[in-house]
Amino acid sequence: EEGEYNRLLTVVERERQMMAELRQIDARRRKDMQKAKESADEANRAKSAFLAVISHEIRTPMTGIMGLVRLLMDTPLSAEQQKYAKSIMESGESMTLLLNDILDFEKIDTGKMTLEQTFFNIKQVVQSTATLMAGHAQNKNIYLSLEVHPSAPLEIKGDPSRLRQVLLNLVGNAIKFTEE
């Protein structure tokens, strides 16, 4: 019986050692997970700061460009020049919206993103999208036509900036991946 008792003590001691090792492994894993979380949080903060700085650095010259285009549009222009100036203005407005979207990433990350709720003319949003993307389509010799179904309401409530961005992305991808 003493041999059996010693053997059981040996087994119990081995199990204690294994449990101690498992606790150490678990402690290391928890510590590693905490470090990984802190590292991910720091990377996220750095990304947000980078996006904010880049957005600001692009926004400043963009504001100047938009001001100059507004001044240009106030001068006598031919119909063709007026069309091009308007297209530049709309492209600049889209760029400004894109910059705002970049800043929205921070809002999304912090749960502070809100959608605008306003009435707007959907045909105007679709037409401005067509105007902005016409040059891209023309460069690839692609016919581009965007239409709103006749039974669609003229005024809808929502976020026109987000809708325009979605349409620009969809049409941009359609042009990008269409050969003819």
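You'll find the structure just up there.
Note that the coordinates shown come from a computational prediction; the quantities given were computed from them, not determined experimentally.

Chemist: What is the right way to look at the nonpolar core in this model?
Modeler: Across soluble globular proteins, you tend to see nonpolar side chains buried next to one another. Among the nonpolar cores identified, the biggest contains seven residues, and these are Leu132, Met133, Ala137, Ile142, Leu168, Val171 and Ile175. Secondary-structure elements contributing two or more residues to this core are helix H3 (122-139) and helix H4 (160-176). Setting aside chain neighbours within four positions, we find Val171 in contact with Thr129, Met133, Leu144 and Leu146. Counting residues in each nonpolar core, the second largest holds five residues, with Ile122, Val125, Val126 and Leu167 among its members.

Chemist: Honestly, the environment of Gln165 in this entry has me stumped. Any pointers?
Modeler: Position of Gln165 relative to the elements: it lies in helix H4. Its relative accessible area of 16% is what places Gln165 among the buried residues.

Chemist: Sorry if this is basic, but what is going on with H3 here?
Modeler: In this model, H3 (18 residues) spans 26 Å end to end at C-alpha, consistent with the 26 Å of a helix rising 1.5 Å per residue. Looking at H3, one finds that the buried residues are Ile122, Val125, Val126, Ser128, Thr129, Ala130, Leu132, Met133 and Ala137. Between the side-chain oxygen of the N-cap and the backbone nitrogen of Lys123 there are 2.8 Å, and the N-cap of H3 in question is Asn121. Trailing H3 by a residue or two, Asn141 shows a phi angle of about 55 degrees, which is positive.

Chemist: What am I meant to see in the side chain of Asp159 here?
Modeler: Topologically, Asp159 is positioned in the loop between strand S2 (155-158) and H4. Despite its burial, Asp159 pairs with no opposite charge; the closest candidate is Arg162, at 4.0 Å N-O. In terms of polar contacts, Asp159 uses its side chain to reach the backbone amide nitrogen of Ser161, at 3.2 Å. What Asp159 contacts, discounting residues up to four positions off in sequence, is Leu115, Glu116 and Phe120.

Reading the values: rules and limits
- Residues numbered from 1 in each chain as written.
- Predicted model: local features only at pLDDT ≥ 70, side-chain atom pairs only at ≥ 80, totals over all residues.
- Heavy atoms only, no water.
- Core = buried A, V, L, I, M, F, W, Y, C linked by side-chain atoms within 4.5 Å.
- Buried < 20%, exposed > 50% of the residue type's maximum accessible area, 1.4 Å probe, protein only.
- Helix = DSSP H or I, 4+ residues; strand = E, 2+ residues; numbered from the N terminus.
- Contact = heavy atoms within 4.5 Å.
- Expected span 1.5 Å × (residues − 1).
- Polar contact = N/O pair within 3.5 Å; in protein donor to acceptor, adjacent residues only side chain to side chain.
- Lys, Arg positive; Asp, Glu negative; His and termini not counted.
- Salt bridge = Lys/Arg side-chain N within 4 Å of Asp/Glu carboxyl O.

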